[in-house]
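Examining the three-dimensional arrangement
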Amino acid sequence: MSRRACSTIHDSAARGDTFDLSGEDLDSLAKRVAECRRCPLWEERTRTVFSNGSKRARLMFVGEAPGREEDLQGLPFVGRAGKLLTKILDSVGLARDEVYITNILKCRPPNNRDPNEEEVRACEPYLARQIELLKPVLICALGRVAAQNLLKTNASLSVLRGGIHYYNDTRVIVTYHPAALLRNPHLKRSAWEDIKLVRKIYDEEIAGEE
Ligand code: URA
């Protein structure tokens, strides 16, 4: 694709033009993501990172964006932070293959910098369609970037943690990003409270559906 055609796509994403994903299921959506050039991140990616876990899961975890290891493997949360996430899930009796894990961005930002507005806007319809298809009873936002972008707020993580929020009609709980827990182990106690709340609300929601 020429640079010119490419920048046209970037421009339309930046304008917030909608593009139609309503006919896609999770498999075809993953293929659309793999071909995506809606923002400049496609130029440096090794692989897109769509999701991990079960397509039938009703509990969804949303992180920020792929890191180096995720970019190489094409799977979310497979690096150090991912290993900690697996342990956190395990601590409340959840296996990775019974939840659904994805990110705000499906491509790695250079040097793991924070996603910018253009990238978030370009990628947003993919996550929106993932949520629409999966119909989770609960979403857990991992870290500030995931929480702020899902909830469309500038509120800090400390303000958002501990409460119940909503993405459309779906409940959202906010916790620390596992990478933050690796940097600041003293936060693990609070993260433990968060994940216990996730497990409780998830169990209640599932029981309420039966
Ligand atoms: N950090 C994230 O936010 N997502 C990943 O997939 C890996 C690290």
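Heads up: the structure comes first, above all this text.
Residues numbered from 1 in each chain as written. Predicted model: local features only at pLDDT ≥ 70, side-chain atom pairs only at ≥ 80, totals over all residues. Heavy atoms only, no water.

Overview of the nonpolar core
The tendency in soluble globular proteins is for nonpolar side chains to be buried as a group. Here is the rule: As used in this record, nonpolar core signifies buried Ala, Val, Leu, Ile, Met, Phe, Trp, Tyr and Cys residues forming a set joined through side-chain atoms within 4.5 Å. Think of it in three bands: with a 1.4 Å probe and only protein chains considered, a residue is buried below 20% of the maximum accessible area for its type, exposed above 50%, and partly exposed in between. When checking whether two residues touch, look at their non-hydrogen atoms; a contact exists if any pair is within 4.5 Å.
Counting 57 residues, the largest nonpolar core has Phe61 and Leu150 as the members making the most contacts within it. In this view, Leu150 contacts Val62, Ile104, Leu127, Ile131, Ile139, Ala141 and Tyr167; residues no more than four positions away in its chain are not counted.

Considerations on the site of the ligand
Let me state the cut-off plainly: Residues are labelled near a given molecule or strand when at least one of their non-hydrogen atoms is within 4 Å of it. In the analysis that follows, any N or O atom pair within 3.5 Å is treated as a polar contact, provided that within protein one partner can donate a hydrogen and the other can accept it, and provided that, for residues neighboring in sequence, both atoms belong to side chains. Surface accessibility in these figures is a Shrake-Rupley result with a 1.4 Å probe; residues are shielded only by whichever protein chains are displayed. Computed over the protein atoms alone on a 1 Å grid, cavities are sets of points where a 1.4 Å probe fits but cannot get out and pockets are open sets with protein on both sides within 12 Å along at least five of seven lines; a residue lines them when it has an atom within 4 Å of a point. In this scheme, a molecule is assigned to a cavity or pocket if more than half of its atoms are within 2 Å of the grid points. When residues are sorted by character, Ala, Val, Leu, Ile, Met, Phe, Trp, Tyr, Cys and Pro go into the nonpolar class, Asp, Glu, Lys and Arg into the charged class, and all the rest, Gly among them, into the polar class.
Close to the ligand lie Gly63, Glu64, Ala65, Glu70, Pro76, Phe77, Asn103 and His177. At a separation of 3.0 Å, a nitrogen atom of the ligand approaches a polar backbone atom of Ala65. Between the ligand and Phe77 there is a distance of 2.9 Å, counted from an oxygen atom to a backbone nitrogen or oxygen. Starting from 240 Å² of accessible surface for the ligand in isolation, the protein chains cover 91%. Judged by its atoms lying within 2 Å of the grid points, the ligand is housed in the largest pocket. Counted by class, the shell around the ligand contains 3 nonpolar, 3 polar and 2 charged residues.

Topic: the pairing of strand S2 (residues 59-63)
Put simply, the rule is: Segments assigned H or I by DSSP are reported as helices when at least four residues long, segments assigned E as strands when at least two residues long, and all are numbered from the N terminus. By the convention used here, strands pair only if DSSP detects at least 2 bridges between them.
Most of S2 is tucked away, with 5 of its 5 residues classed as buried. Burial along S2 is two-sided: the face carrying Leu59, Phe61 and Gly63 and the face carrying Met60 and Val62 are both buried. As judged from the 4 bridges shared by S2 and strand S4 (residues 138-142), these two strands associate in the parallel manner. Paired with Leu59 across the bridge in S4 is Leu138. With 4 bridges connecting them, S2 and strand S3 (residues 100-103) associate as parallel partners. Its bridge partner being in S3, Met60 is matched across the sheet by Tyr100.

Some remarks on the layout of surface pockets
For the record, the criterion: Grid points are joined across faces, edges and corners, and a volume is the space filled by probe spheres set on the points.
Volume-wise, the largest pocket comes out at about 630 Å³. Forming the boundary of the largest pocket are 27 residues, of which Ala65, Ala81, Asn112, His177 and Ala179 lie nearest the centre. Looking at the lining of the largest pocket, the elements with two or more residues in it are helix H3 (68-73), helix H4 (80-91), helix H6 (144-151) and helix H8 (178-183). The element best represented in the lining of the largest pocket is H8, accounting for 4 residues.

Some points on helix H9 (residues 188-209)
Heads up, the rule is: A helix is expected to span 1.5 Å multiplied by its residue count minus one. For this quantity, the arc is that covered by the directions from the helix axis to the C-beta atoms.
Across its 22 residues, H9 extends 31 Å between first and last C-alpha, which sits within 8% of the 32 Å expected from 1.5 Å per residue. Turning to H9, its buried residues number three or more, namely Ala191, Asp194, Ile195, Val198, Ile201 and Tyr202. The buried residues of H9 all sit within an arc of 125° when viewed along its axis, so they share a single face. Turned more than 90 degrees off the buried face of H9, the exposed positions are Arg189 and Gly208. Where H9 is buried, its residues touch S2, H4, S4, strand S6 (170-175) and H8.

Observations regarding H4
Counted at 1.5 Å a residue, the expected span for H4 with its 12 residues is 16 Å, and the 17 Å between its end C-alpha atoms agrees. Tucked into the core, H4 has its buried residues touching S2, S3, S4, H8 and H9.

Overview of the pairing of S6
Burial within S6 is extensive, with 5 of its 6 residues counted as buried. In this sheet, S6 lies alongside strand S5 (residues 165-167) in antiparallel orientation, the contact comprising 3 bridges. Each residue of the ladder has a partner; that of His165, found in S6, is Val172. Between S5 and S6, which pair antiparallel and follow one another directly, the connecting turn spans 2 residues, one of which, Asn168, has a positive phi of 50°.

Considerations on the environment of Arg56
Inspection of the secondary structure puts Arg56 in the loop between strand S1 (52-53) and S2. Owing to a relative accessible area of 74%, Arg56 belongs among the exposed residues under this scheme.

Here we look at the environment of Phe50
Secondary-structure assignment places Phe50 in the loop between helix H2 (26-34) and S1. The class for Phe50 is buried, based on a relative accessible area of 10%. A sequence separation of 157 residues divides Phe50 from Ala207, and the C-alpha atoms of the two residues are 29 Å apart. Among residues more than four places away in sequence, those in contact with Phe50 are Leu26, Leu29, Ala30, Val33, Gly74, Tyr100, Ile101, Thr102, Lys106 and Gln130.

In short, the description is geometric, and any link to function would need to be established separately.
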